[in-house]
Amino acid sequence: MRIGFDNEKYIKLQSEHIKERISQFGDKLYLEFGGKLFDDYHASRVLPGFEPDSKLKMLMQLSAYAEIIIVISALDIEKNKIRGDLGISYDMDVIRLRDEFQKRGLFVGSVVITHYNGQPTADDFKKRLEKMNITTYIHYKIEGYPSNVALIDSDEGYGRNDYVKTSRPLVVVTAPGPGSGKMATCLSQLYQENKRGIKAGYAKFETFPIWNLPLKHPVNLAYEAATADLNDINMIDPFHLEVYGKTTVNYNRDIEIFPVLNAIFEGIYNENPYKSPTDMGVNMAGYCIFDDEVCSEASKQEIIRRYYDALCRLAENKASDSEVYKLELLMGQSKILTSDRKVTVAAKERAAKSGLSCAAIELSDGKIITSEKSSLMGISAALLVNALKYLAGIDHSVKIIPASAIEPIQKMKVTYLRGKNPRLHTDEILVTLATLSTDNENARKAIEKLPELMGCQVHTTEMLSEVDKKIFKKLGIDVTSEPVQKYLKKF
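Scoring rules and cut-offs
- Residues numbered from 1 in each chain as written.
- Predicted model: local features only at pLDDT ≥ 70, side-chain atom pairs only at ≥ 80, totals over all residues.
- Heavy atoms only, no water.
- Helix = DSSP H or I, 4+ residues; strand = E, 2+ residues; numbered from the N terminus.
- Buried < 20%, exposed > 50% of the residue type's maximum accessible area, 1.4 Å probe, protein only.
- pLDDT = per-residue confidence, 0-100.
- Contact = heavy atoms within 4.5 Å.
- Salt bridge = Lys/Arg side-chain N within 4 Å of Asp/Glu carboxyl O.
- Axes fitted to C-alpha atoms, helices over the stretch in contact; angles between N-to-C directions.
- Parallel < 35°, antiparallel > 145°, perpendicular 65-115°, else oblique.
- Left-handed = near helix turned anticlockwise from the far one by under 90°.
- Patch = residues over 30% accessible without salt bridge, like charges linked within 9 Å, V, L, I, M, F, W, Y side chains within 5 Å.
- Areas by Shrake-Rupley, 256 points an atom, 1.4 Å probe, with all protein chains shown as cover.
- Disulfide = S-S within 2.5 Å.
- Pairing = 2+ DSSP bridges.
- Nonpolar A, V, L, I, M, F, W, Y, C, P; charged D, E, K, R; others polar.

Across the junction of Tyr 145 and Pro 146, the peptide omega takes the value 10°, indicating a cis bond. In this fold, Pro 146 is placed in the loop between β6 (136-140) and α7 (149-152). A cis amide bond links Phe 208 with the next residue in sequence, Pro 209, at an omega value of -10°. Position of Pro 209 among the secondary structure elements: in the loop between β8 (200-205) and α9 (218-226). Even without being glycine, Lys 335 reaches a positive phi, approximately 60°. Tracing the backbone shows Lys 335 in the loop between α14 (321-334) and α15 (342-354).

Time to look at the pairing of strand β2 (residues 66-73). β2 sits mainly inside the fold: 8 of its 8 residues count as buried. Residues Ala 66, Ile 68, Ile 70 and Ile 72 point to one face of β2 and Glu 67, Ile 69, Val 71 and Ser 73 to the other, with burial holding for every one of them.

On to the confidence of the model for the protein. Overall, the prediction assigns the protein a mean pLDDT of 92, with 98% of residues at 70 or greater. Contacts from residues 487-491, a stretch scored under 50 in pLDDT, to residues over four places away or in other chains number 16 contacts.

With that settled, consider the pattern of salt bridges. In total, this model carries 32 salt bridges according to the counting rule given. Here Lys 204 and Asp 254 are joined by a salt bridge, their closest N and O atoms 3.5 Å apart. Of this pair, Lys 204 sits in strand β8 while Asp 254 sits in helix α11 (residues 252-269), placing them 50 residues apart in sequence. As far as burial versus exposure is concerned, Lys 204 and Asp 254 are alike and both buried. Glu 302 is the salt-bridge partner of Arg 305, the closest N and O atoms lying 2.7 Å from each other. Placement of the pair is Arg 305 and Glu 302 together in helix α13 (residues 292-315), with a separation of 3 residues, close to one helical turn. Since its relative accessible area comes to 2%, Glu 302 is described here as buried.

You can see Ser 380 is positioned in helix α16 (residues 379-391). Judged by its relative accessible area of 1%, Ser 380 is buried. What Ser 380 contacts, discounting residues up to four positions off in sequence, is Thr 426, Leu 464, Asp 468 and Phe 472.

All right, on to the packing of helix α5 (residues 90-103) against helix α6 (residues 120-131) then. Remark: α5 packs on α6, axes separated minimally by 12 Å, with the N-to-C direction vectors making an angle of 20°. As the angle between them shows, α5 and α6 are arranged roughly parallel. With respect to the hand of their crossing, α5 and α6 are arranged in right-handed fashion. The residues of α6 that touch α5, namely those facing Asp 91, Met 92, Val 94 and Ile 95, are Phe 125, Arg 128 and Leu 129.

Glancing now at a nonpolar patch on the surface. Where nonpolar side chains cluster on the molecular surface, the patch consists of Met 412, Tyr 416 and Leu 417 and spans about 350 Å² of accessible area. Structurally, Met 412 is set in helix α17 (residues 403-416).

This next bit is on the state of the cysteines. Considering all chains together, one arrives at 0 disulfides under this definition. Of the cysteine sulfurs around Cys 288, a residue in no disulfide, the closest is that of Cys 295, at 10 Å. According to the relative accessible area criterion, Cys 295 is buried, its value standing at 0%.

This brings us to the sheet that holds β8. With parallel pairing, the 6 strands of this open sheet are ordered in space as β6-β5-β2-β7-β1-β8. Edge positions in the sheet fall to β6 and β8, since each of these pairs with one other strand and no more. The sheet shows a mean angle of 25° between the axes of neighbouring strands, taken without regard to direction. Where strand β5 (residues 107-116) lies against β6, 4 bridges are found, and the strand directions are parallel. When the bridges of β6 are listed, Ile 113 appears paired with Ile 138. Against the sheet, α5 makes contact with β2, β5 and β7 (170-174), and its axis sits at roughly 170° relative to β2, the strand it touches most. Strand contacts of helix α8 (residues 182-195): β1 (28-33), β2, β5, β6, β7 and β8, with the helix running at about 170° to β1, the strand carrying the most contacts.

With respect to burial, strand β11 (residues 358-362) is a largely interior element, 5 of its 5 residues being buried. Side-chain alternation along β11 places Cys 358, Ala 360 and Glu 362 on one buried face and Ala 359 and Ile 361 on a second face that is also buried. Of the strand pairs in this sheet, β11 and strand β12 (residues 368-372) are connected by 5 bridges, and their pairing is antiparallel. Note on β12: the bridge partner recorded for Cys 358 is Glu 372. Sheet topology places β11 next to strand β13 (residues 457-460); 4 bridges connect them, and they run antiparallel. Bridge pairing in β13 links Ala 359 to Thr 460.

This paragraph deals with the packing of α8 against α11. Relative orientation of the contacting elements α8 and α11 amounts to 10°, with a least axis distance of 10 Å. In terms of their interaxial angle, α8 and α11 are classed as roughly parallel. Here α8 contributes Met 183, Leu 187, Leu 190, Tyr 191 and Asn 194 to the contact with α11, which in turn contributes Asp 254, Ile 257, Val 260, Leu 261, Ile 264, Phe 265, Gly 267 and Ile 268. Partitioning the contact of α8 with α11 into residue classes produces 10 nonpolar, 2 polar and 1 charged.

We now examine the environment of Pro 483. Looking at where Pro 483 falls in the secondary structure, it is placed in the segment after β14 (478-481). Overall, the relative accessible area of 28% leaves Pro 483 in the partly exposed class. Along the chain, Pro 483 and Asp 309 lie 174 residues apart, while their C-alpha atoms are 8.4 Å from each other. Not counting chain neighbours up to four residues away, the residues in contact with Pro 483 comprise Leu 311, Cys 312, Ala 315 and Met 463.

The structure is reproduced here in structure tokens:
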């Protein structure tokens, strides 16, 4: 797999820049961490070479005087929003994040529930957190936000929110995903701290969009694709252009909120140390791309994957037409088609010839392996077996899992568990391989090749079960599917 991003350089530059920003303020700095502190798989996909835990490694260097606030929107709790890369709800991810941070020796001070407007689900989640001895605060929905600056910057606006008690000079504000209200939490705290005579500053650590890449660079367009459900839009920063005469890229929510930030800073310091939204940021990622072609191609592939994901969620009534339309627009701007994804073409070609549901995987050496649905295995399970045989150097004609090992499992599924689908899923085929591996050398060799599937690409001509999707995620495989439940005919 080709890489185009220097991760070591990034950690060094980024940590130094954050330390410089901390030194600019007095009593306390609120540092908004956009994206994910770890498990940042979007960044690792569009910037090959970026490690998913890079930001966490930087924070570990500051752990002695840092604490973390985890923010979650009451709106996301109410609609049970799911984190796409992990398949868990945002409220569950808050608990997971807290546990993961604490395991690494980081101090999590509290959780803030934002956009609160009396939602019963938010009340229930607050009670649950408090039973776990997790300090939880409420920040309310403010009418006219973010344009009604007079109301926002008042005791009826930010002043109405709970004051979040903190004990360390660096307060990192993070969340399970975008749109959670991290910036509003930081600004509310600036207002509250000022009332208490505490001088606090604010800075933003947002990986995307990358401010010193062109507006329509594939990496930045991939960010728009990742937030299509939020309708985030990358924009030229007009404030930065006016003050410095330089073109930089930001996104609409930061630009919209800048007048609020400006008013709050002027209230605290009589002037704003930041002349533009770009000034607020500390992102050094753009300086660490050493192969633009690699990162551009990776970003285009990410846009295609996001498009397929939205199509499948639309088929399940989990996405809107507007989200799909926006992704189609981004594909047009990037000058890409679904046929630019090699496995998409391969899977469709085999399906057209066989009349069956099919799948294809592209391995790290560029080899494309395909599979089709059989009476014994689903397309995903068959694809894994075919790919592992190739990687292990086992001839395709060799059956590493005999029918005699599959048939009893099928009988259990259909006869005793009253299932309708006798074909084995990916988890079942892997367990079967593991069971056979004690006496079957080929099965053992195949299992040992599982780590080599990390980062491989898969496309299927039908939508997958949750079981198969989760197994692919655990193996680190990027999967797309046609938005159909059945393809042509079945056994």
